[in-house]
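# Architecture and fold: a report
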Amino acid sequence: MLSAGIVGLPNVGKSTLFNALVANAKAEAANFPFCTKEPNVGSVAVPDDRLEVLAKIGNSAQIVPTRIEFVDIAGLIKGASKGEGMGNQFLGNIRNCDAIVEVVRCFADDQIIHVMDSVDPRRDVEVVNLELTLADLAQVERRLERTRKQAKSSKEAQIELAALEKLQAHLNEGQSARTCDLTEEERLAVAPLNMLTMKPIIYAANVAEADLAKGNAWVDQLRAIPSKENAEVIVVSAQLEAELVDLPPEERCAYLASLGVTEGGLKSLIRATYKLLGLLTYFTVGEKEARAWTVRAGTKAPQAAGVIHSDFEKGFIRAETISYADLVRAGSMANARSKGLVRSEGKDYVVQEGDVMLFLTSA
């Protein structure tokens, strides 16, 4: 299961958001810095309205959504890259994640301490991102010493050296590794470094519930931050989401409607994170269950079968495949077959978003 680390300055609402995301999580949320010392981890169902439609078509007894993992990481402060505020430990926690959700405070509340004494999204983002960049720069410079020696006799090391020198110059300019102009070969050479600023990122603008529908000046400030990365900004009210968890679905929808929104931002954040991780969904449908499965974009049919069971990949013969849209239009798998909409795909087939698949194997 791929994971996204929830990061940001202390007291911006990370643990509150995490609690809402996993509903029954036990992350302590309190009004003082470094409340979270060990990362909290929880898996989250990815909202997908297609599952209910498929369950009706297949007369499925249950629905099983796909899931991703969120990790609540303690607040970073200025100097984290030098070990300030348990920075080494917290940066290590981020390094273990596949993507970053950076929570940015966009609300005023005199009862909640801001570690820098004022609400300023631009400054807060710069502080966090600079610490990630400095940590990467230190790692690149350490690696450069060894690679220069190896490059005298190794072609692979020469490729890595070229990448590291590009990254050193780029990071020294305060730019993230994501935006460095590396060849695919160079990118693969430095992938084992698991660089912090190479990870894809989303900004979660944490607002008061009254600002959920239209945002506020702080959200506008966050959206206006110049970025070559085209990072997405999702508006969410962590406190509201934490309170909505305990309400029945009908009351939750009614309350959100009273605020002028159809969903509170939580579902949008989960979907955006899923997309950020480079994932796609395929489905299996039967009387027992309608189920969503996760694979990386570009995955071929045998490997997709292996997500269900490793034996399915080994014994893969073919995959009977139909797109979600075609199956819905047909109304049933029987009708789809009679119309010639079900395809027989072999080992080289690349799975597409929304495929409904039945694997035939020798297992």
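Structure's up top.
Right, let's walk through the structure included here. (Residues numbered from 1 in each chain as written. Predicted model: local features only at pLDDT ≥ 70, side-chain atom pairs only at ≥ 80, totals over all residues. Heavy atoms only, no water.)

## Let's talk about the overall build of the protein
In terms of regular secondary structure, the protein is built from 14 helices and 12 strands. Its C-alpha atoms give the protein a radius of gyration of 23 Å, near enough to 21 Å, the size a compact globule of 363 residues would have. Dimensions of the protein, computed from the C-alpha atoms along their principal axes, are close to 65 × 65 × 35 Å. Split into buried and exposed, the 363 residues of the protein put 47% on the buried side. A separation threshold of at least 6 residues defines the contact pool for the protein, and within that pool the share at least 24 residues apart is 68%. (Helix = DSSP H or I, 4+ residues; strand = E, 2+ residues; numbered from the N terminus. Rg over C-alpha atoms; globule rule 2.2 N^0.38 Å. Buried < 20%, exposed > 50% of the residue type's maximum accessible area, 1.4 Å probe, protein only. Contact = heavy atoms within 4.5 Å.)

## Focus on the nonpolar core
Of all hydrophobic cores here, the largest spans 56 residues; its most connected members are Leu 17, Leu 21, Ile 68, Phe 70, Ile 94 and Leu 222. In this structure, Leu 137, Val 140, Ala 151 and Leu 161 belong to the second largest nonpolar core, which totals 16 residues. (Core = buried A, V, L, I, M, F, W, Y, C linked by side-chain atoms within 4.5 Å.)

## A closer look at the pattern of salt bridges
Scanning all chains against the criterion turns up 12 salt bridges. Close ionic contact of Glu 320 with Arg 337 constitutes a salt bridge, the shortest N to O distance being 2.8 Å. Taken together, the residues span a long stretch of sequence, with Glu 320 in strand β10 (residues 316-323) and Arg 337 in helix α14 (residues 333-338) at a distance of 17 residues. A network of salt bridges, in which partner residues are shared, links Asp 48, Arg 50 and Glu 353. (Salt bridge = Lys/Arg side-chain N within 4 Å of Asp/Glu carboxyl O.)

## Section: the packing of aromatic side chains
The geometry of an aromatic ring pair comes down to the distance between the two centres and the angle between the two planes. Considering all chains together, one arrives at three aromatic pairs under this definition. Look at Tyr 282 and Phe 359: their rings are 5.8 Å apart centre to centre, the planes differ by 85°, and that puts the pair in the edge-to-face class. Of this pair, Tyr 282 sits in strand β8 (residues 279-285) while Phe 359 sits in strand β12 (residues 355-361), and the two are 77 residues apart along the sequence. The same class applies to Tyr 282 as to Phe 359, namely buried. Ring geometry for Phe 283 against Tyr 324: centres 6.4 Å apart, planes inclined by 45°, an arrangement best described as tilted. Residue Phe 283 is found in strand β8, and its partner Tyr 324 is found in helix α13 (residues 324-330); the two are separated by 41 residues along the sequence. The burial state of Phe 283 is the same as that of Tyr 324; both residues are buried. Ring pairs connect the aromatic residues Tyr 282, Phe 316 and Phe 359, which therefore count as one cluster. The positively charged end of Arg 50 is found above the aromatic ring belonging to Tyr 324, 5.9 Å away from the centroid. (Phe/Tyr/Trp six-rings, centres within 6.5 Å; stacked < 30°, edge-to-face > 60°. Lys NZ or Arg CZ within 6 Å of the ring centre and 35° of its normal.)

## Things to note about the side chain of Thr 284
Looking at the element boundaries, Thr 284 is found in strand β8. At 2.9 Å, the side chain of Thr 284 and the side chain of Trp 293 are in polar contact. When near neighbours in sequence (up to four residues on either side) are disregarded, Thr 284 contacts Glu 289, Ala 290, Arg 291, Trp 293, Ile 308 and Met 357. (Polar contact = N/O pair within 3.5 Å; in protein donor to acceptor, adjacent residues only side chain to side chain.)

## As for the packing of helix α1 (residues 14-22) against helix α10 (residues 266-276)
Packed helices, taken two at a time, are described by the angle between their axes plus the distance between the axes. Following both chains from N to C, one finds α1 and α10 inclined at 85°, their axes separated by 11 Å at the closest point. It follows that α1 is roughly perpendicular to α10 by the angle criterion. Each of Leu 17, Ala 20 and Leu 21 in α1 lies in contact with α10, whose residues at this interface are Leu 266, Leu 269 and Ile 270. Class assignment for the residues of the contact of α1 with α10 results in six nonpolar, no polar and no charged. (Axes fitted to C-alpha atoms, helices over the stretch in contact; angles between N-to-C directions. Parallel < 35°, antiparallel > 145°, perpendicular 65-115°, else oblique. Nonpolar A, V, L, I, M, F, W, Y, C, P; charged D, E, K, R; others polar.)

## Some words on the environment of Asn 19
Examined against the element boundaries, Asn 19 turns out to sit in helix α1. By relative accessible area, Asn 19 is classed as buried at 17%. In sequence terms Asn 19 and Gln 239 are 220 residues apart; their C-alpha atoms lie 9.7 Å from each other.

## Looking at unusual backbone geometry
Positive phi values are uncommon outside glycine, yet Asn 11 reaches one of about 65°. Tracing the chain through its elements places Asn 11 in the loop between β1 (3-7) and α1. Overall, Asn 11 belongs to the buried group, its relative accessible area being 11%.

## A word on α10
Restricting attention to buried positions, one finds in α10 the residues Leu 266, Leu 269, Ile 270, Ala 272, Thr 273 and Tyr 274. Once α10 finishes, Gly 278 follows within two positions and takes phi at roughly 75°, a positive value.

## A look at the packing of helix α4 (residues 121-150) against helix α5 (residues 155-172)
Two elements in contact, α4 and α5, have axes whose closest approach is 9 Å; the angle formed by their N-to-C orientations is 150°. Considering their axes alone, α4 and α5 lie roughly antiparallel with respect to each other. For α4 against α5, the interelement crossing comes out left-handed. In this structure, α4 contributes Thr 133, Asp 136, Leu 137, Val 140, Glu 141, Arg 143, Leu 144, Thr 147, Arg 148 and Gln 150 to the contact, and α5 contributes Ala 157, Glu 160, Leu 161, Leu 164, Glu 165, Leu 167, Gln 168, Leu 171 and Asn 172. Taken together, the residues of the contact of α4 with α5 break down into eight nonpolar, five polar and six charged. (Left-handed = near helix turned anticlockwise from the far one by under 90°.)

Everything listed here is a matter of coordinates, which is why it stays silent on function.
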